[in-house]
Amino acid sequence: GLVGAALAENGSSIVNWNVLGRVFSAVGIAPLLGLGGGFCLMLLIIWVFRKKKPAVVRTIFSKGEVVSAAFLAYSHGKNDGQMPIGLIAMGLMAMSGTGEFHIPWWSVFVSSLAISSGTLLGGYRVIRTLGLQMTTLRPSSGFAAETAAASIIEVASHLGIPVSTTHCISSAIMGVGATRRLSAVRWGIAQRIVMTWVLTFPSCALLGFLFGKLVLLVS
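Residues numbered from 1 in each chain as written. Predicted model: local features only at pLDDT ≥ 70, side-chain atom pairs only at ≥ 80, totals over all residues. Heavy atoms only, no water.

**Side note on the packing of aromatic side chains**
Counting across every chain of the model gives three aromatic pairs. Measuring from ring centre to ring centre gives 5.7 Å for F24 and F201, while their planes differ by 65 degrees; the resulting arrangement is edge-to-face. Taken together, the residues span a long stretch of sequence, with F24 in helix 2 (residues 17–48) and F201 in helix 9 (residues 187–218) at a distance of 177 residues. The ring of W47 has R50 sitting right over it, with the charged end atom 4.5 Å from the ring centre. (Phe/Tyr/Trp six-rings, centres within 6.5 Å; stacked < 30°, edge-to-face > 60°. Helix = DSSP H or I, 4+ residues; strand = E, 2+ residues; numbered from the N terminus. Lys NZ or Arg CZ within 6 Å of the ring centre and 35° of its normal.)

**As for the pattern of salt bridges**
A full pass over the atoms with the stated rule returns one salt bridge. The partner of K78 in a salt bridge is E154, and the shortest N-O contact between them spans 3.2 Å. With a gap of 76 residues between them, K78 in helix 3 (residues 54–79) and E154 in helix 7 (residues 139–158) connect regions that are remote in the sequence. Classification of E154 as buried rests on a relative accessible area of 12%. (Salt bridge = Lys/Arg side-chain N within 4 Å of Asp/Glu carboxyl O. Buried < 20%, exposed > 50% of the residue type's maximum accessible area, 1.4 Å probe, protein only.)

**A word on helix 8 (residues 165–178)**
Here helix 8 contains 14 residues, and its C-alpha end-to-end distance of 20 Å stays within 8% of the 20 Å for a straight helix at 1.5 Å per residue. Of all 14 residues making up helix 8, 13 are buried, and the element is well covered by its neighbours. The opening residue of helix 8 is S164, an N-cap whose side-chain oxygen sits 3.2 Å from the backbone nitrogen of T166. (Expected span 1.5 Å × (residues − 1). Polar contact = N/O pair within 3.5 Å; in protein donor to acceptor, adjacent residues only side chain to side chain.)

**Considering the nonpolar core**
Ranked by size, the top nonpolar core spans 30 residues in total, and within it M134, V163 and I169 carry the most contacts. Listed by contribution, the elements that provide at least two residues to this core are helix 2, helix 3, helix 7, helix 8 and helix 9. Ignoring sequence-local partners within four residues, the contact set of M134 consists of T129, S170, I173, M174, A184, V185, R186, I189, A190 and I193. (Core = buried A, V, L, I, M, F, W, Y, C linked by side-chain atoms within 4.5 Å. Contact = heavy atoms within 4.5 Å.)

**Some thoughts on the environment of V185**
Take V185: it is sitting in the loop between helix 8 and helix 9. In this structure V185 touches M134, T135, M174, G177 and A178, once residues within four positions along its chain are discounted.

**Remarks on the confidence of the model for the protein chain**
Model confidence for the protein chain is summarised by a mean pLDDT of 90, while 100% of its residues fall at 70 or above. Here helix 6 (residues 124–133) is the element of the protein chain with the lowest mean pLDDT, 80, and helix 7 is the one with the highest, 95. (pLDDT = per-residue confidence, 0-100.)

**Remarks on the environment of L2**
Along the chain, the position of L2 falls in helix 1 (residues 2–10). L2 sits in the partly exposed class, given a relative accessible area of 45%. Distance from L2 to A149, taken between C-alpha atoms, is 26 Å for residues 147 residues apart in sequence. Look past the residues within four positions of L2 in its chain and what remains in contact with it is L87 and M90.

**Considerations on a nonpolar patch on the surface**
Together, L206, L207, F209, L210, F211, L214, L217 and V218 give the surface a local cluster of nonpolar side chains, amounting to about 830 Å² of exposed area. Following the sequence through the fold, L207 ends up in helix 9. (Patch = residues over 30% accessible without salt bridge, like charges linked within 9 Å, V, L, I, M, F, W, Y side chains within 5 Å. Areas by Shrake-Rupley, 256 points an atom, 1.4 Å probe, with all protein chains shown as cover.)

**Regarding the packing of helix 8 against helix 9**
One way to put it is that helix 8 packs onto helix 9 with a least axis distance of 11 Å and a crossing angle of 160 degrees. Overall, the two elements helix 8 and helix 9 adopt an arrangement that is roughly antiparallel. For the crossing formed where helix 8 meets helix 9, the hand is left-handed. From helix 8, T166, H167, S170 and M174 reach across to helix 9, where they touch W187, A190, I193, W197 and F201. Classifying every residue of the contact of helix 8 with helix 9 gives six nonpolar, three polar and no charged. (Axes fitted to C-alpha atoms, helices over the stretch in contact; angles between N-to-C directions. Parallel < 35°, antiparallel > 145°, perpendicular 65-115°, else oblique. Left-handed = near helix turned anticlockwise from the far one by under 90°. Nonpolar A, V, L, I, M, F, W, Y, C, P; charged D, E, K, R; others polar.)

**A closer look at the side chain of S171**
Within the element layout of this structure, S171 appears in helix 8. The exposure class assigned to S171 is buried, which follows from its relative accessible area of 4%. Polar side-chain contacts of S171 include one of 2.9 Å to the backbone oxygen of H167.

**Comments concerning the packing of helix 3 against helix 7**
As a packed pair, helix 3 and helix 7 sit with axes 8 Å apart at the nearest point and diverge in direction by 25 degrees. With respect to helix 7, the axis of helix 3 lies roughly parallel. For helix 3 against helix 7, the interelement crossing comes out left-handed. Split by residue class, the contact of helix 3 with helix 7 holds 12 nonpolar, 11 polar and five charged.

The following block contains the structure:
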């Protein structure tokens, strides 16, 4: 969306294509790492707890999944949550004309409130798709998927690269599901999710371009 708006305003010369290339590389690499990370971590859990009774394993990871879910929520805010804050700060910098990149406290509050409210009020269908329809998750597999996805997002955050939490956790869930057998993952649903990822980027760029042109016309 940002690139599309920039193209509408100033053309291709305004876009830093090297940085954009890094972002798009991460978009492709992060889901693959999530898939592999979820698969490997789940295999490790299966091997370590192979002699434990299923009820014991379920009890351990029912508690552990609270920690892994919190880790994923934290990493989500650390990466995805910074994207609207960055756009707000950029807009304020452009409006002030001083060239100073300043992050106001209210932008952090508003972004946090918007993301948490959206998760609370509108995320049920997404949760149901990932948690029930794509594959069957148990406490141990949920722990593995969340830990793998959160770890990848943490590394990306330290490198300053924006990645999608949804991409990482979706692919990690596919990975943990595939440890049972390939047919344990409903690949038709997974294919629809991946196609949505692919279509999202050009769609947002096009909308950003169209709205950018519209603003130029009315201003």
